[in-house]
Each structure stands twice: as C-alpha cells, then as structure tokens.
Amino acid sequence: MSELTRRKVLRRSAVAGGVALGATVPGAGLAQAAPVRAASVRAESAPAPSAVTVRPDDARYPELIRGTNQRWVGSPDYVRLVTSADQVVDAVKEAVAAGKRVAVRSGGHCYENFTTSSDIKVVIDLSQLASVTYDAGQRVFVVEPGAWLSDVYSTLFKRWGVTLPGGSCPSVAAGGHIVGGGYGALSRLFGLTVDHLHGVEVVTVDKDKTVRKVVATRDSTDARLRDLWWAHTGGGGGNFGIVTKYLLRTPGATGSDPAKLLPRPPAELLTSTVTWSWDGLTQTGFKRLVKNFGDWFVAHGGPDAAHLDLFSQLKAAHRAAGAITMVTQLDATRSGAEADLDAFVAAVGAGVPVKPQVSTQRLPFLHATKWPGFAGGDPTLRFEDKSAYMRAGFPDDQLSAAYHHLTRTDYTNPAALLLIAGYGGRVNAVAPDATAVAQRDSVMKLQYLAFWQDAAEDERHLAWVREFYRDVYAASGGVPVPGRVNDGCFVNYADVDLGDPAHNTSKTPWHALYYKDNYPRLQRVKAAWDPRGILRHAQSVEPAAD
C-alpha cells in the first residue's frame, strides 16, 4: 500500500464508527388464514411521480446495482425505482407473475450480498420513497423507507423538536435500519428505534400470490396483524414483506401534540475525542484500557443507571493506525456534564501507561448528528464486519486475542479495528420478547472491522477479520454464543459466516445468535405473511412447517 493510499484509507477509517451504527442490511393454521383488512395510512396529498425502470443499457444501471460495500455488485434484469406504495404493489405483482426473484433495497447498506446475489432478477429500489410527515388523524409520524437518517433527524427536529434514537451514519436509510432494531448514540437514553415503532405499512404476498398492502400496529386487535408488527421490531429486512411506511409514536405517549409523541433530544451535546498512542502501549496497558471501558458500561448498563445520556465508542484500531481513539457524547445542558465527562475519561484511562490527547466540543443537536466522531461511511470501500453483544466485562482470554490480532506484524492495515460501543440503559428496560430484539440485558455492542480498496486483497482482509473473531470466541466455537458474557450477534450487521460450519463450530445456529428464543415466532409470522418465500436471502427467516 502506498503512503498516499495509506493516508487516504486511514482518514476514512477514522469515521468507521459511522458505518457501524448505520447499517442494514433486511402456527400451523396461520398460512391458511383469511386475509385481514387493516386500517389505511393517509394517502399522499399529490399523485406520485411514475415509477422508473432501469435496465443494463441505462447509464444509471451501474449506480443502482451496488450498495455501500463495494464487495457486492448485482446483475438484475432491471431495477424498479418507486415513489409510492401502490407502485411497490405493482412492481411485486409484475415480478411474481413473471417468476422473477425479487429483492428490496432502501439505502444500500446491507453488509452481505442479500440484494445483489446472482439469482436476483428484480431489485425494487425504495430510495425515492423518502418523505417524513405527521399524520394527525392517527397521531403518528410517518417515515418512508428511503429517507436517510440525516433527513429523518433534521425533519423531525426542525418541525416538531423530536427525534428517534437511531444510527449515526447519515446515508443509512430508514428501511433496513428500523426493521433490524436500530440503535445509536441516544439509545441508552431512549431505547431502540423499534421501541418507538407503532406500526408499519407493508406490501405482502399471500399463498395464492395475491399482493396487497396491509397496516399492522402494536394496537391491532387481530393477532396476525399484531404479529406482523412485532416481526418488524427487529426481525431484519427482506423477510416478511416490503415496508412502505413506518409509523412512529412512543408507547404511552398521549395527547395530540406531536412534540410530545417522540423523544425530545438534548438541545446541545458535549462531545469528546480521546486518543492513546500505540507507542508505549504494552499488552498490559491495552488490556487495562479496554477492560476499563467495558467495566464502566457494565456499571452503568441498567435501565435506571446514572449517566444514560453518555454514549461512547472505543475504536481500537490496528497498531498500524498509530492510536486508539475514544469518541463520546453526553447532554451538555444538564448540570455537571463537564465533570462527568472528565470522570469518564479518567476512569477509562486509569492505570494506562500512556497519556491521552483530549479534545472537547459543544455542538447543537443537529450538528452533533453529523459529528465525524460517529458519523461517516465511505461508499468507495470494501469491508468485512462481524458483531457481538456483551452482557459482562471482557474476560482475559478475549483481551489477549484482541491484543494479538491488533498488533500482528503480518497484517498492517490501518483501517482495521475492533469497535466497542456502549449499550444498555433504556434498551434494557424492554422485555426480550416484547419486540423481536431479544438482547435486552447487554451493555456493549462490538464490531470487528476491516476496510480496504483493492478487490485483489479480499482474502487477506477477510482472513484477518475471521481469525480475529474466531480467536476471541474460541471458548464457544468461534462465535459469541449467548451466555454469561456474550449474547449473540446483531442482525443488521449481517454475517453469513455464522451459518457456515467452517467458521461456526458451536452447536448454536445462526438464527439463535441473532434472535435467540424469538425465532420460532418469527417463523410463524413468515409462514403467515410470506408463505411462498418471495422475499428471501442467505439468512432469511425460514417459515414454520405446516
């Protein structure tokens, strides 16, 4: 790697956490049950522009057959760009009638090839279905799946002073992000995005190939509809139907004032960037630093813990990057914010034999959502990502494995890292079966990441991430099997290796790592609402047997 390229990749790796927070990816009698009539969502106020079909001879085609991860490029017969839910219905009808395999994409941040595999012939692109509105009749905010998170935050805050506790990568779209659970810098304070999901408008395909729009909410009296809503509270994209509208309202919120129906964010955030140079950082010092970080979130991970407004990521980059970085934000408007931040930085650095470099900044809320400490993502790079939830602090064997792989001299990629995000808080106030997100007592969320540019280097970088992950979880078959310390994986950080016995030597299947005990219910929903498997991919939910 040339020095110029090295510097370029290193700059991009500094915002790797933004990719991390954004991303996507997607009973016996239920399948035969009669169709359910559901309430409708208010129609668009003006006719939608016509759908656009882009085929291989169109100059737009190369742009529309790939997403953020440049490892994956599709070859569909066409891409259908839609601007209304009715156009989604028409697009699905056409594809089903022609027997063409369908995939759906909103922001294109799927980490695997779930929308680009060679057998996919039609991609339904939701990127132009991107409005953020308020429906006074139903007292819900309506977010369409193509809306970028940056636009969701901007519209919600500027018009009503509210927000969602979603991810920090601006170009992640609501589509796959919300249905996978969705978390971000405000989740310790307000929970997951799906904890505020009141309902969904979904295009589904019945057993007889009838394509229809249905609306399912947490208040649906029909059990099938309520199950369909529940499946979208963390069941992952590309599984049950195509979501055309997300209906959002915090549970228990009353009245008709929209400013009181979703969380109100802090008006100002105090942000911090702390770096520890790898120079002088021994194995003992590294272990102390990472353990300190984890122990703080263990101590402050409960739903009623102090400092729930404090969110932080520790970006333990490979030694080739030169430093380990910690980025943090907390509510700047509350009393004692500066002192609490200083205490946090001191607690993480306690006993570490390297003096950190510290910088702080106060930012208005919307500016903070674009702060490069969290926000980022480079759509010109290739990457590999693996995830884990943690319920407890780091055991010594995991720390030893991390130090080994981050200091290897046979692999010197400055854009390779272990990213550790603080978690828990109000996320853990929800029961594990109340939504499809089963991990409700974890206190950290981890990512094992490598970014690169050259396709010829794929195997080298993939090998490093796989070996790193395998060795950290060597005691449980190479994957973070739920137990006292680990708690499985995050479905929005899709990882097909979890289903490969060459990489997962435990007896825990991939779906138990994502969904734990919630998987059987998801299977029943799949059988009820997508019995023909119209939407499927390498890790889609398998329908329950009749």
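In this text, all values refer to a predicted model and were calculated from it rather than measured experimentally.

Definitions and cut-offs
- Residues numbered from 1 in each chain as written.
- Predicted model: local features only at pLDDT ≥ 70, side-chain atom pairs only at ≥ 80, totals over all residues.
- Heavy atoms only, no water.
- Helix = DSSP H or I, 4+ residues; strand = E, 2+ residues; numbered from the N terminus.
- Rg over C-alpha atoms; globule rule 2.2 N^0.38 Å.
- Buried < 20%, exposed > 50% of the residue type's maximum accessible area, 1.4 Å probe, protein only.
- Areas by Shrake-Rupley, 256 points an atom, 1.4 Å probe, with all protein chains shown as cover.
- Lys, Arg positive; Asp, Glu negative; His and termini not counted.
- Charge placed at Lys NZ, Arg CZ, Asp CG, Glu CD.
- 1 Å grid on protein atoms, 1.4 Å probe; cavity = no way out; pocket = protein on both sides within 12 Å on 5 of 7 lines; lining within 4 Å.
- Points joined across faces, edges and corners; volume = space filled by probe spheres on them.
- Nonpolar A, V, L, I, M, F, W, Y, C, P; charged D, E, K, R; others polar.
- Pairing = 2+ DSSP bridges.
- Axes fitted to C-alpha atoms, helices over the stretch in contact; angles between N-to-C directions.
- Contact = heavy atoms within 4.5 Å.
- Domains from an automatic or database assignment.
- Buried area = accessible area lost by both parts, 1.4 Å probe.
- Salt bridge = Lys/Arg side-chain N within 4 Å of Asp/Glu carboxyl O.
- Parallel < 35°, antiparallel > 145°, perpendicular 65-115°, else oblique.
- Left-handed = near helix turned anticlockwise from the far one by under 90°.

**Some points on the overall build of the protein**
Of regular secondary structure, the protein possesses 15 helices and 16 strands. Taken against the 2.2 N^0.38 rule, which gives 24 Å for 546 residues, the C-alpha radius of gyration of the protein at 22 Å falls within 12% of a compact globule. Counting over 546 residues, the protein shows a buried share of 61%. Total accessible area computed for the protein in this model is approximately 19700 Å², and 51% of it derives from carbon and sulfur atoms. A distance of 2 Å separates the average location of the 59 positive side-chain charges in the protein from that of its 54 negative side-chain charges.

**Side note on the layout of surface pockets**
In this model, the largest pocket occupies a volume close to 470 Å³. Lining the largest pocket we find 21 residues, and of these Glu63, Arg66, Gly107, Gly108 and Trp148 sit closest to its centre. Its residues assigned to classes, the lining of the largest pocket shows four nonpolar, twelve polar and five charged.

**Observations concerning the sheet that holds strand E1 (residues 52–54)**
Reading across the sheet, the four strands line up as E1-E2-E4-E3 and stay open at both edges, with mixed pairing between neighbours. Of all strands in the sheet, those bounded by a partner on one side alone are E1 and strand E3 (102–105). In this sheet, neighbouring strand axes are inclined to one another by 25° on average, regardless of whether the strands run parallel or antiparallel. Pairing of E1 with strand E2 (residues 78–81), which is carried by three bridges, proceeds in the antiparallel orientation. Bridging across to E2, threonine 53 finds its partner in arginine 80. In the packing of helix H4 (residues 85–98) onto the sheet, the strands contacted are E2, E3 and strand E4 (122–125), and the crossing angle to E2 comes to about 155°.

**Quick notes on the side chain of glutamine 70**
Tracing the sequence through the fold places glutamine 70 in the loop between helix H3 (61–64) and E2. Residue glutamine 70 is classed as buried on the basis of its relative accessible area of 15%. If we ignore the near neighbours within four places in the chain, the residues touching glutamine 70 are Pro379, Thr380, Leu381 and Arg382.

**Section: empty space enclosed by the protein**
Counted as a void, the second largest cavity has a volume near 160 Å³. Considering the residues around the second largest cavity, the lining is formed by 15 residues, among which Ala185, Leu186, Gln329, Phe365 and Thr369 are closest to the centre. Residues that form the lining of the second largest cavity fall into these classes: nine nonpolar, six polar and no charged. Taken together, domain 2 (132–264 + 519–529) and domain 3 (268–517) each give at least three residues to the lining of the second largest cavity, which thus spans both.

**Quick look at the domain arrangement of the protein**
Taken domain by domain, the protein comprises domain 1 (52–125), domain 2 (132–264 + 519–529) and domain 3 (268–517). The straight-line distance from the C-alpha centre of domain 2 to that of domain 3 is 26 Å. With 37 residues of domain 2 at the contact, the number on the domain 3 side is 41 residues. Buried surface at the junction of domain 2 and domain 3, both sides included, amounts to about 2900 Å², of which 62% is carbon and sulfur. On the surface where domain 2 and domain 3 come into contact, there are one salt bridge.

**What about the packing of helix H8 (residues 223–231) against helix H15 (residues 519–529)?**
Running from N to C, H8 and H15 point in directions that differ by 120°, and their axes come no closer than 10 Å. Judged by the angle between their axes, H8 and H15 are oblique. The handedness of the crossing between H8 and H15 comes out as left-handed. Along the contact surface, H8 presents Arg224, Leu225, Asp227, Leu228, Trp230 and Ala231, while H15 presents Arg521, Leu522, Val525, Ala528 and Trp529.

**Notes on the packing of helix H9 (residues 283–299) against helix H12 (residues 396–406)**
What describes two packed helices is the angle between their axes and the distance between those same axes. Their axes nearest at 10 Å, the elements H9 and H12 cross at an angle of 120°. As far as their axial angle goes, H12 and H9 are oblique. The element H9 and its partner H12 pack so that their crossing is right-handed. Residue-level inspection shows Gln283, Phe286, Lys287, Val290 and Lys291 of H9 in contact with H12, the latter providing Asp396, Leu399, Ser400, Ala402, Tyr403 and Leu406. Classifying every residue of the contact of H9 with H12 by side-chain character gives six nonpolar, two polar and three charged.

**A look at the sheet that holds strand E10 (residues 268–277)**
With respect to topology, seven strands assemble into an open sheet ordered E13-E10-E12-E11-E15-E16-E14, the strand pairing being antiparallel. What marks the edges here is a single partner per strand, and that holds for strand E13 (357–364) and strand E14 (382–390). Neighbour-to-neighbour, the strand axes of the sheet open up by a mean angle of 15°, direction not taken into account. The sheet contact formed by E10 and E13 spans eight bridges and is antiparallel. When the bridges of E13 are listed, serine 272 appears paired with threonine 360. Contacting E14, strand E15 (416–422) and strand E16 (444–452), helix H13 (residues 458–472) crosses the sheet at an angle of about 160° to E16.

**So, H8**
Every α-helical turn comprises 3.6 residues, leaving residues that sit three or four positions apart pointing alike. When you tally the buried positions in H8, you get seven out of nine residues, the bulk of the element. Listed as buried for H8 are Arg224, Leu225, Asp227, Leu228, Trp229, Trp230 and Ala231. Of the surrounding elements, those touching the buried residues of H8 are strand E7 (197–205), strand E8 (211–217) and H15.

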